[in-house]
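Topology and contacts: notes
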Amino acid sequence: MTSASQLSLFDSSSPVDSFAVRVSPRARRLTVRVHIGGRVEVVVPQGVTPNTVRAFVTRNTSWIDRKVAQMGCHATPVAAIPAAIALASTGEHLQVQWRHSERRSLRCGPSEICIEARDLHGAIGLMREWLLIAARERLSPRLAELAQELGMSLKGVTIRRQRTRWGSCSSRGKISLNCSLLFMPPEVVRYLMVHELSHLQHMNHSEAFWRAVERHEPNFRHLDRQLTAGWRSVPDWVFKS
Ligand SMILES: [Zn+2]
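In this report, the structure presented in the accompanying data block is examined. (Residues numbered from 1 in each chain as written. Predicted model: local features only at pLDDT ≥ 70, side-chain atom pairs only at ≥ 80, totals over all residues.)

This brings us to the sheet that holds strand β9 (residues 167–169). With mixed pairing, the three strands of this open sheet are ordered in space as β8-β10-β9. The two strands at the open ends of the sheet, each matched to only one other strand, are β8 (156–160) and β9. If you compare each strand with its neighbour and ignore which way they point, the axes differ by 15 degrees on average. Relative to strand β10 (residues 174–178), β9 is paired through three bridges, and the arrangement is antiparallel. Looking across to β10, one finds that Cys169 is bridged to Ile175. Sitting on the sheet, helix α4 (residues 120–149) touches β8 and β10, and the angle it makes with β8 is about 150 degrees. (Pairing = 2+ DSSP bridges. Helix = DSSP H or I, 4+ residues; strand = E, 2+ residues; numbered from the N terminus. Axes fitted to C-alpha atoms, helices over the stretch in contact; angles between N-to-C directions. Contact = placed C-beta atoms within 7 Å.)

Ranked by size, the top nonpolar core spans 54 residues in total, and within it Ile81, Trp98, Ala123, Ala135, Leu177, Leu181 and Leu192 carry the most contacts. Per-element tally for this core: the top contributor is α4, with nine residues. Ignoring any residue separated from it by four or fewer positions in sequence, one finds Leu177 in contact with Ala135, Leu139, Leu143, Val157, Ile159 and Gly167. (Core = buried A, V, L, I, M, F, W, Y, C linked by C-beta atoms within 7 Å. Buried ≥ 20, exposed ≤ 12 C-beta atoms within 10 Å, placed from the backbone.)

What follows is about the packing of helix α5 (residues 186–198) against helix α7 (residues 220–229). For the pair α5 and α7, interaxial distance at closest approach is 9 Å and the crossing angle is 105 degrees. Between α5 and α7, the angle is such that the two are roughly perpendicular. Within the contact between the two elements, α5 uses Glu187, Val188, Tyr191 and Leu192 and α7 uses Phe220, Leu223, Asp224, Gln226 and Leu227. Class assignment for the residues of the contact of α5 with α7 results in six nonpolar, one polar and two charged. (Parallel < 35°, antiparallel > 145°, perpendicular 65-115°, else oblique. Nonpolar A, V, L, I, M, F, W, Y, C, P; charged D, E, K, R; others polar.)

Looking now at the environment of Thr158. Looking at the element boundaries, Thr158 is found in strand β8. Residue classification places Thr158 among the exposed positions, given that 12 C-beta atoms sit within 10 Å. Non-local contacts of Thr158, meaning those with residues more than four positions away in its chain, are made with Lys174 and Ser176.

To continue, consider the pairing of strand β5 (residues 92–100). Judged from the four bridges that link them, strand β4 (residues 84–87) and β5 form a sheet pairing that is antiparallel. Within β5, the residue paired with Ile85 across the bridge is Leu94. Here β4 hands over to β5 after four residues, with Gly91 in that stretch at a positive phi of 80 degrees. Bridge count for β5 against strand β7 (residues 112–117) is six bridges, and the pairing is parallel. Across the sheet, the residue bridging to Gln97 is Cys114, located in β7.

Let's shift gears to α5. Structurally, the α-helix is built with 3.6 residues per turn, so residues lying three or four positions apart point the same way. Taking 1.5 Å of rise per residue, 13 residues should cover 18 Å, and α5 covers 18 Å from first to last C-alpha, within 8% of that figure. When you tally the buried positions in α5, you get ten out of 13 residues, the bulk of the element. All buried positions along α5 are accounted for by Val188, Val189, Tyr191, Leu192, Met193, Val194, His195, Glu196, Leu197 and Ser198. In this structure, the buried side of α5 is in contact with α4, β9, β10, α6 (207–216) and α7. (Expected span 1.5 Å × (residues − 1).)

Okay, here's the thing in structure tokens:
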């Protein structure tokens, strides 16, 4: 599964797999624009439901595809603001609304994220800041709980946005977690935590280390492979600038 289709409002019903929704108080009807590089933006009046947007995009799919093919060759694509964010680790599904504004703000409710930003770059920056905070709120307590459950003493947790590592453990007993873990299923997140916590006792990947991991997570081989393949599930906006 690609990150785009995972985030899309309409995974299987439409070939258009990534577009931004912008709410405009001045808009009277739904319109769609395809920017240079192939980025698709749907401009909607206030109060329009996701279902209406979905139906609109589906109706215009062939036009959008033609335009994307025309525009896509002019420049490298920029990550788009997704229509929704799915956090596999917690089962949360958040609709994303982006409003053009000179203000810079992001509000997150139980089922939606509302962004105010001047441009795409600003909106993506806000989403990345939010992701770090969201990861701290959701992952840090879970790690502390697991450490306690396994009888290990944890000295601290940091959350980072890294392209290459899911987590690490310092010789001083501090564990670092990648905020992109939010896009992984809970059992994979738990495995990564068991892995890093086991490094508190074994600062290497020796046999003794893997035995410790296996004691706490017998299915570790399968989960480790899932984690390695997991980068594919991280949406474009997390890293692509
Ligand atoms: Zn390791």
